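# Architecture and fold: a report
Spelled out, the chains give:
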Amino acid sequence: QVQLVESGGGLVQAGGSLRLSCVASGSKFSINVMGWYRQAPGKQRELVAIISSSGTTNYGDFVKGRFTISRDNAKNTVYLQMNSLKPEDTAVYYCKRVSATTGMATWGQGTQVTVSS
């Protein structure tokens, strides 16, 4: 059973940076689509960024060049570098894996990011 473990969240002032990490258990990490989503209180979960097995990336419109998703297949890890953070970025950030073979989605437990003004 695949497990995803996020880390790197915390409290940061507006304008600051954080780097989130998500380590995936299991094999065939390199062929799966990995992504970051977030959910703020009272709001729906939304896409932050995704990265394909070939390294193609896609971002939510609100990112506007502030965040960068990357992956290290040797470490089974996907990262989200977040710069120029804003209070409205405050949310629980979730890692998601979509299996290339089954299409099944797996979610991590989430990591809290809080940006103070």
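A brief structural summary. (Residues numbered from 1 in each chain as written. Predicted model: local features only at pLDDT ≥ 70, side-chain atom pairs only at ≥ 80, totals over all residues. Heavy atoms only, no water.)

### Focus: the overall build of the protein chain
Helix and strand counts for the protein chain come out as 0 helices and 11 strands. In sequence order, the protein chain lays out its α and β elements as β-β-β-β-β-β-β-β-β-β-β. A compact globule built from 117 residues should have a C-alpha radius of gyration of about 13 Å, and the protein chain, at 14 Å, falls within 12% of that. Across its three principal directions, the C-alpha atoms of the protein chain cover 45 × 25 × 25 Å. Taken over 117 residues, the protein chain has a buried fraction of 42%. Considering only contacts in the protein chain between residues 6 or more positions apart, those separated by 24 or more positions represent 53%. In the form shown here, the protein chain has an accessible surface area of approximately 6100 Å², with 49% of it arising from carbon and sulfur atoms. When the 12 basic and 6 acidic side-chain charges of the protein chain are each reduced to a single mean position, those positions are 5 Å apart. (Helix = DSSP H or I, 4+ residues; strand = E, 2+ residues; numbered from the N terminus. Rg over C-alpha atoms; globule rule 2.2 N^0.38 Å. Buried < 20%, exposed > 50% of the residue type's maximum accessible area, 1.4 Å probe, protein only. Contact = heavy atoms within 4.5 Å. Areas by Shrake-Rupley, 256 points an atom, 1.4 Å probe, with all protein chains shown as cover. Lys, Arg positive; Asp, Glu negative; His and termini not counted. Charge placed at Lys NZ, Arg CZ, Asp CG, Glu CD.)

### Considerations on the pairing of strand β4 (residues 33-39)
β4 sits mainly inside the fold: 5 of its 7 residues count as buried. By the bridge criterion, 7 bridges tie β4 to strand β9 (residues 91-98) in an arrangement that is antiparallel. Residue pairing across strands places Met-34 opposite Arg-97, the latter belonging to β9. Relative to strand β5 (residues 46-51), β4 is paired through 5 bridges, and the arrangement is antiparallel. Across the sheet, residue Gly-35 finds its bridge partner in β5, namely Ile-50. Between β4 and β5, which pair antiparallel and follow one another directly, the connecting turn spans 6 residues, one of which, Gly-42, has a positive phi of 80°. (Pairing = 2+ DSSP bridges.)

### Side note on the sheet that holds strand β1 (residues 4-7)
Reading across from one edge, β1-β3-β8-β7 is the order of the 4 strands in this open sheet, with antiparallel pairing throughout. A single partner strand is all that each edge strand has here, and the edge strands are β1 and β7 (67-72). Each adjacent strand pair in this sheet contributes to an overall mean axis angle of 15°, direction not counted. One ladder, built from 6 bridges, connects strand β3 (residues 18-24) with strand β8 (residues 77-82); its direction is antiparallel. In the sheet register, Val-23 faces β8, and the bridge partner there is Thr-77. (Axes fitted to C-alpha atoms, helices over the stretch in contact; angles between N-to-C directions.)

### Let's talk about the environment of Gln-13
If you trace the backbone, Gln-13 turns up in strand β2 (residues 10-13). By relative accessible area, Gln-13 is classed as exposed at 60%. A C-alpha to C-alpha distance of 38 Å links Gln-13 and Gly-103, two positions 90 residues apart in sequence. Gln-13 has contacts with Val-115 and Ser-116, leaving out every residue within four places of it along the chain.

### Considering the pairing of strand β11 (residues 111-116)
Here β11 shows a buried face lined by Thr-111, Val-113 and Val-115 and an unburied face lined by Gln-112, Thr-114 and Ser-116. Both β2 and β11 contribute to a ladder of 4 bridges, which runs parallel. Note that in β11 the partner of Gly-10 across the bridge is Val-113. Note: β9 against β11, 3 bridges, orientation antiparallel. Across the sheet, the residue bridging to Tyr-93 is Thr-111, located in β11.

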